[in-house]
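What follows is each chain in one-letter form.
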Amino acid sequence: MYVRVVRFTDVSAERVAELLARVEEGGGPPPGVPSTGLKVLIDEAQGTAVVLQHFATAEDMATGAAAFSAMDASETPGTRASVDMCELKVELDA
């Protein structure tokens, strides 16, 4: 599995609510994004967010990255601070 990790600053509760409503309304990833999962972590006290976008292959992750990079900044929870393109090596659940 591959995970695109995006960090955001300047995150407001209003923008998060708008984003979550769009995600729930869409019922899946945006067109052209072959994502297999999504996790959104919000730190309201710091005004930051970390978004984990899951993909089956590195190629799918690159395709998704291209689509997300082309998105308007108003469609994100805040200011994009960094993007990491990772291969998941270990996942443990209690």
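Above: the structure in question.
Everything in this summary refers to the structure shown in the same document. (Residues numbered from 1 in each chain as written. Predicted model: local features only at pLDDT ≥ 70, side-chain atom pairs only at ≥ 80, totals over all residues. Heavy atoms only, no water.)

### Details of the layout of surface pockets
Empty space within the largest pocket amounts to approximately 510 Å³. Forming the boundary of the largest pocket are 25 residues, of which Leu-19, Val-23, Pro-30, Leu-38 and Phe-68 lie nearest the centre. Looking at the lining of the largest pocket, the elements with two or more residues in it are strand 1 (2–9), helix 1 (13–26), strand 2 (35–43) and strand 3 (48–55). Class assignment for the residues of the lining of the largest pocket results in 14 nonpolar, 7 polar and 4 charged. (1 Å grid on protein atoms, 1.4 Å probe; cavity = no way out; pocket = protein on both sides within 12 Å on 5 of 7 lines; lining within 4 Å. Points joined across faces, edges and corners; volume = space filled by probe spheres on them. Helix = DSSP H or I, 4+ residues; strand = E, 2+ residues; numbered from the N terminus. Nonpolar A, V, L, I, M, F, W, Y, C, P; charged D, E, K, R; others polar.)

### Remarks on the pairing of strand 1
Here 7 bridges tie strand 1 to strand 3, and the two strands are oriented antiparallel to one another. By the bridge assignment for strand 3, Phe-8 is matched with Ala-49. As paired elements, strand 1 and strand 4 (residues 79–87) share 8 bridges and run antiparallel to each other. Bridged to Val-3 within strand 4 is Cys-86. (Pairing = 2+ DSSP bridges.)

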